[in-house]
Amino acid sequence: MKQMKRILFVVLGLCVLLLDIEPVKAQFNKQYFYYMGRRFIVNSNYGEAIEMLNTLLRYDASVHEAFFLRGVAKYNLDDLVGAEMDYTRAIKLNPVFTLAYEYRAIAYARLGNYD
């Protein structure tokens, strides 16, 4: 009986390896993290907003609005260099995102970079 269980276990293990089963992926609700980040900014919870937006950006780093909102949160926490970097990243992802240009200019002005 013990030998039979061992053989069954080995056969099942080989079947799994031979079938090349793809790993299961959980669904990720990007809109939830985006809107929660936005809501935290509106409610002046900038640290929590950054955490939400970081989670979104870890999953999908092509969301230019998330970089922009994270820049807004960092700006309000007086992390001007971080805010400028996030605005620049948003502009690289979407060169016609004019609001990011405006906010980046404000961050530059606060940093004393008038050029």
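Refer to the structure printed above.
This write-up is about the structure you can find in this document. Please read these numbers as outputs of a predicted model, since none were measured by experiment. (Residues numbered from 1 in each chain as written. Predicted model: local features only at pLDDT ≥ 70, side-chain atom pairs only at ≥ 80, totals over all residues. Heavy atoms only, no water.)

## Looking at the overall build of the protein
Scanning the protein from terminus to terminus reveals six helices and zero strands. Its helices and strands in sequence order give the protein the pattern α-α-α-α-α-α, from N to C terminus. Put simply, 42% of the contacts in the protein that link residues at least 6 apart link residues at least 24 apart. Counting only carbon and sulfur atoms, one obtains 58% of the accessible surface of the protein, whose full area is about 8,500 Å². (Helix = DSSP H or I, 4+ residues; strand = E, 2+ residues; numbered from the N terminus. Contact = heavy atoms within 4.5 Å. Areas by Shrake-Rupley, 256 points an atom, 1.4 Å probe, with all protein chains shown as cover.)

## A closer look at the environment of P95
With respect to the helices and strands, the residue P95 is situated in the loop between α5 (80-93) and α6 (98-111). Taking C-alpha positions, P95 is 9.8 Å from H64, a pair spaced 31 residues apart along the chain.

## A closer look at a nonpolar patch on the surface
Taken together, the side chains of V81, M85 and L111 present a nonpolar region at the surface, about 280 Å² in accessible area. By the secondary structure assignment, M85 is in helix α5. For M85, a relative accessible area of 53% puts it in the exposed group. (Patch = residues over 30% accessible without salt bridge, like charges linked within 9 Å, V, L, I, M, F, W, Y side chains within 5 Å. Salt bridge = Lys/Arg side-chain N within 4 Å of Asp/Glu carboxyl O. Buried < 20%, exposed > 50% of the residue type's maximum accessible area, 1.4 Å probe, protein only.)

## A closer look at the side chain of E84
With respect to the helices and strands, E84 occurs in helix α5. Buried and unpaired, E84 has no salt bridge, with R104 as the nearest side chain of opposite charge at 5.1 Å. Here Y108 takes part through its side chain, which lies 3.2 Å from a polar atom of the side chain of E84. Each residue touching E84, except ones within four places of it in the same chain, is listed here: R104, A107 and Y108. (Lys, Arg positive; Asp, Glu negative; His and termini not counted. Polar contact = N/O pair within 3.5 Å; in protein donor to acceptor, adjacent residues only side chain to side chain.)

## Considerations on the packing of aromatic side chains
As enumerated under the stated definition, the model contains six aromatic pairs in all. Consider the rings of Y32 and F33, whose centres lie 5.3 Å apart with planes at 80 degrees: the pair is edge-to-face. In this structure Y32 comes out as partly exposed when scored by relative accessible area, which is 42%. Seen from their ring centres, F68 and F97 are 5.2 Å apart, and the 75 degrees between their planes marks the pair as edge-to-face. On the criterion of sequence distance, the pair formed by F68 in helix α4 (residues 64-76) and F97 in the loop between α5 and α6 is long-range, its members being 29 residues apart. Of the residues examined, F68 reaches a relative accessible area of 7% and is grouped as buried. Each member of the aromatic cluster is reached from another via a ring pair, and the members are F68, Y87, F97 and Y103. (Phe/Tyr/Trp six-rings, centres within 6.5 Å; stacked < 30°, edge-to-face > 60°.)

## So, the packing of α4 against α6
Geometry of a packed helix pair, given as the angle between the helix axes and the separation of the axes. Packing of α4 against α6 brings their axes to within 11 Å, and their N-to-C directions diverge by 25 degrees. Judged by the inter-axis angle, α4 sits roughly parallel to α6. In terms of crossing hand, the pair formed by α4 and α6 is left-handed. Only L99, A100, Y103, I106, A107 and R110 of α6 make contact with α4, whose side of the interface consists of F68, V72 and Y75. (Axes fitted to C-alpha atoms, helices over the stretch in contact; angles between N-to-C directions. Parallel < 35°, antiparallel > 145°, perpendicular 65-115°, else oblique. Left-handed = near helix turned anticlockwise from the far one by under 90°.)

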